[in-house]
Amino acid sequence: MSEKAIIYGLYKDEEKLKEGAQLLRSARIRVKEVFSPFPIHGIDPIIGIDRTWISICSFIYGITGMSLALLMTWYMMVSDWPTDIGGKPSFHFYTALPAFIPVTFESTVFCAGHGMAITFFLRSWILPGVSPKNPDPRTTDDMFCMEIESRMEDQARIVDMLRSSGAVEVNVK
Amino acid sequence: MQHESAIRDPLILGHRTYHDITEDIARPIEGRANKYWYLVFTIAVCAFTWGIGCLCYTLGTGIGAWGANKTVGWAWDITNFVWWIGIGHAGTLISAVLLLFRQKWRMAINRSAEAMTIFAVMCAAIFVTMHTGRPWLDYWLFPHANQFGSLWVNFNSPLLWDVFAVSTYFSISCVFWYTGLIPDFATIRDRAVKPMSKKIYKFLSFGWSGRAKDWTRFEEVSLVLAGLSTPLVFSVHSIVSMDFATSIVPGWHTTIFPPYFVAGAIFSGFAMVETLLLICRKVLSMEQYITVKHMEYMNIVIILTGSMVGVAYLSELFISWYSGVEYEAYAFLNRATGPYWWSYAGMMTCNVISPQLYWFKKIRTSLTATFILSIVVNIGMWFERFVIIVTSLHRDYIPSSWTMYHPTWIEIGIFTGTIGMFFTFFLLFARVFPVIALNELKTILKLSGESYKKEAAAHAAHH
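Residues numbered from 1 in each chain as written. Chains lettered and ligands numbered in written order. Predicted model: local features only at pLDDT ≥ 70, side-chain atom pairs only at ≥ 80, totals over all residues.

Chemist: Give me the lowdown on the overall build of chain A, citing residues and values where you can.
Modeler: Counting secondary structure elements, chain A contains five helices and six strands. In sequence order, the secondary structure elements of chain A are arranged as β-α-β-α-α-β-β-α-β-α-β. What you see for chain A is a C-alpha radius of gyration of 26 Å, clearly larger than the 16 Å of a compact globule of 173 residues, by over 25%. Split into buried and exposed, the 173 residues of chain A put 39% on the buried side. Taking the intrachain contacts of chain A between residues at least 6 apart in sequence as the baseline, contacts between residues at least 24 apart amount to 76%. (Helix = DSSP H or I, 4+ residues; strand = E, 2+ residues; numbered from the N terminus. Rg over C-alpha atoms; globule rule 2.2 N^0.38 Å. Buried ≥ 20, exposed ≤ 12 C-beta atoms within 10 Å, placed from the backbone. Contact = placed C-beta atoms within 7 Å.)

Encoded structure:
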């Protein structure tokens with residue numbers, strides 16, 4: 001197995017980085033990671049990132065929250081302690097339901113929102129105490145960085161490609 | 001690349017680069033506060049402390065220390081609760097609804113508006129938890145296993161819905177706010193020189209690195225949270241209005257309440273955002289980011305919501321007469337001409353007439369006028385809640401129990417205390433947190449930055 005080189009191409013402009021990534025892609029070189037201070041729109045298909053499933057997760061959490069609230073309605077008002085409130089008995093699920101709609105809605109939103117945020121934090125592993133992985137502190141300010149893992153023999157070619165696409169700095173590790 | 005029409009006003013003035021944005025927004029965090037900050041902070045902390053004292057007094061003596069009585073059972077407490085909750089709504093509205101509508105001008109103001117939401121909801125929570133009389137038993141509001149039999153809380157009551165709505169709203173707002181803050185904390189972390197602050201911001205930024213996949217998820221999370229918060233914010237104030245609307249008190253028992261309260265909440269919230277931002281942009285030198293155009297946009301929202309509130313007041317008045325119910329008609333006659341006529345007059349002037357001044361471009365683009373009117377609007381919205389609550393209650397069905405309500409110095413103290421708390425927290429926020437979503441703002445720099453727009457226009461003219 002040959003040695004691997006890690007190359008960082010730093011750009012001042014997100015459009016230049018996108019051009020660079022496109023160039024590497026057409027030369028069949030995989031961009032391992034892109035670090036940027038803000039989302040670069042349109043970079044995902046170039047570097048081969050699929051769309052995120054997080055909104056579908058959120059939908060499932062929301063359905064769970066709704067089901068829990070409905071279960072609660074049934075349990076409290078039908079199963080556990082049927083109550084006649086102000087002469088309006090609600091001993092059946094369907095008679096109890098209207099008064100529970102606001103709470104069911106809140107529960108849906110609560111679970112969907114928090115569940116999604118927790119999934120995001122865990123999947124991206126952004127949690128208190130985690131050490132940042134950006135290779136250069138300027139990538140949270142005004143620099144856009146592309147990380148490429150390559151074979152040693154491709155190194156010079158990649159460095160050239162990065163420079164020609166407008167990288168202001170190329171570092172090899 | 002996206003392009004923006006040349007006739008649209010720029011949202012970032014002068015020539016700024018990505019790095020300049022970071023510098024400008026990190027400056028208040030890294031530098032020392034000026035004397036105005038210390039002055040305002042001292043005043044706010046004094047008011048806050050005074051409020052804590054009054055709260056402790058209430059806790060020790062009970063809510064008999066307040067001016068509320070047998071007839072006027074809800075007064076200053078619920079007025080302030082609704083006022084603060086209403087103010088909170090603009091924060092969510094700015095960040096969520098404007099995000100869904102892809103309004104780029106929200107980016108300079110959403111962070112502080114969200115902070116305002118959280119602090120305002122905290123202030124509101126003080127009043128609701130205290131008004132129960134025995135706040136240490138407030139956990140009874142939640143359905144939990146108990147020793148009272150297996151009796152559950154009354155889910156048929158909007159007061160209970162309120163518990164669920166406000167707590168969900170508060171926690172979702174916190175999540176929304178914090179998620180947005182993470183990349184900005186990372187920026188501050190990577191710039192930090194002092195080891196202590198580096199450590200703190202490293203902790204706060206959760207190890208954010210700005211990877212492409214993280215950004216994709218981040219954007220999706222923001223969008224979905226916005227989609228969830230939008231109906232949430234409408235539900236919260238609708239439920240707050242149902243605290244009144246589902247009762248049978250004349251003046252409260254109206255179906256118009258939910259939309260009318262939501263419009264009022266947005267109206268007062270935007271006014272509070274203006275008050276805070278106008279101070280912020282001066283004290284923290286953010287003139288290039290919080291521009292006159294931003295204020296003009298907000299003033300336009302104020303005209304719209306103010307007019308909605310005005311229509312609601314007038315239709316309520318008309319219906320009270322048209323319904324033929326004499327109790328209803330009297331409740332409104334009493335509001336306008338009874339002993340509390342001045343609060344009704346104050347509400348009408350501040351909320352219905354004053355925002356109409358914004359039809360004049362001169363007024364809506366004048367920062368001084370905006371500052372004054374934003375305070376006027378909030379005074380008016382406070383009066384609105386006072387009018388609805390106190391004047392509907394103080395003359396009930398039996399004339400022998402008619403009475404007046406006078407606030408005690410303790411209630412006034414608690415209210416002053418919450419204003420103090422609000423400003424204390426906001427001022428601390430402005431020193432420790434990035435007050436503008438700086439990384440999000442960078443995404444519109446080349447689109448809406450003044451110098452880039454000029455360049456693009458020159459380029460277009462050349463061809």
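Chemist: Summarise the overall build of chain B; cite the residues concerned and give the values.
Modeler: Each helix and strand in chain B was counted, giving 16 helices and zero strands. Taking 2.2 N^0.38 as the reference for a compact globule, 463 residues should give roughly 23 Å; the C-alpha atoms of chain B span a radius of gyration of 24 Å, in line with that estimate. Taken along the three principal axes of its C-alpha coordinates, chain B extends 80 × 50 × 45 Å. Within chain B, buried positions represent 50% of all 463 residues. Excluding contacts between residues fewer than 6 apart, the proportion of contacts in chain B whose partners are at least 24 apart in sequence is 83%.

Chemist: Which residues make up the interface of chain A and chain B, and what values do they have?
Modeler: Listed per partner, the contact involves 50 residues of chain A and 51 residues of chain B. Counting only elements with at least two residues in the side of chain A that touches chain B, the list comes to strand 2 (31-35), helix 2 (43-47), helix 3 (54-80) and helix 4 (93-123) of chain A. Here the element with the most residues in the side of chain A that touches chain B is helix 4 of chain A; it accounts for 15 residues. When the residues that make up the side of chain A that touches chain B are grouped by side-chain class, the tally is 29 nonpolar, twelve polar and nine charged. (Nonpolar A, V, L, I, M, F, W, Y, C, P; charged D, E, K, R; others polar.)

Chemist: So what's going on with helix 8 (residues 257-283) of chain B? Residues and values would help.
Modeler: All names here are of chain B. For helix 8, with 27 residues, the first-to-last C-alpha span of 39 Å sits near the 39 Å given by 1.5 Å per residue. The element helix 8 is largely enclosed, with a buried count of 21 among its 27 residues. Where helix 8 ends, the next residue or the one after it, Ser285, has phi of about 50 degrees, a positive value. (Expected span 1.5 Å × (residues − 1).)

Chemist: Can you break down the sheet that holds strand 1 (residues 4-11) of chain A residue by residue, with the values?
Modeler: All names here are of chain A. With antiparallel pairing, the four strands of this open sheet are ordered in space as 2-5-1-6. The sheet terminates laterally at strand 2 and strand 6 (169-172), the two strands that pair on one side only. Strand-to-strand, the axes of this sheet are offset by a mean angle of 20 degrees, without reference to chain direction. Across four bridges, strand 1 lies against strand 6 in antiparallel orientation. Across the sheet, the residue bridging to Ile7 is Val172, located in strand 6. Docked against the sheet, helix 1 (residues 14-26) engages strand 1, strand 2 and strand 5 (144-151), running at close to 20 degrees with respect to strand 5. (Pairing = 2+ DSSP bridges. Axes fitted to C-alpha atoms, helices over the stretch in contact; angles between N-to-C directions.)

Chemist: Please provide a residue-by-residue account of the pairing of strand 2 of chain A, values included.
Modeler: Residue and element names in this part refer to chain A. In terms of burial, strand 2 is largely enclosed, as four of its five residues are buried. Both strand 2 and strand 5 contribute to a ladder of four bridges, which runs antiparallel. Each residue of the ladder has a partner; that of Val34, found in strand 5, is Met146.

Chemist: Can you explain the domain arrangement of chain A? Please cite residues and give values.
Modeler: Each assigned domain of chain A is listed here: domain 1 (4-50 + 132-172) and domain 2 (54-123). Distance from the C-alpha centre of domain 1 of chain A to the C-alpha centre of domain 2 of chain A: 47 Å. (Domains from an automatic or database assignment.)

Chemist: Let's hear about the environment of Ala47 of chain B: which residues, and what values?
Modeler: Residues and elements named next belong to chain B. Structurally, Ala47 is set in helix 2 (residues 35-61). Residue Ala47 is classed as buried on the basis of its C-beta count, with 21 C-beta atoms lying within 10 Å. Once the C-alpha coordinates of Ala47 and Thr416 are considered, the two residues, 369 residues apart in sequence, prove to be 6.0 Å apart. With residues up to four places along the chain from it excluded, the contact list for Ala47 reads Thr416, Gly417, Ile419 and Gly420.

Chemist: Outline the confidence of the model for chain B, listing residues and values.
Modeler: Residues and elements named next belong to chain B. Residue-level pLDDT values for chain B average 89, and 99% of them are 70 or greater. Within chain B, the lowest mean pLDDT, 80, falls on helix 16 (residues 450-462), and the highest, 93, falls on helix 14 (residues 409-432). Among the prediction metrics, the complex's ipTM stands at 0.92, with pTM recorded as 0.90. (pLDDT = per-residue confidence, 0-100.)

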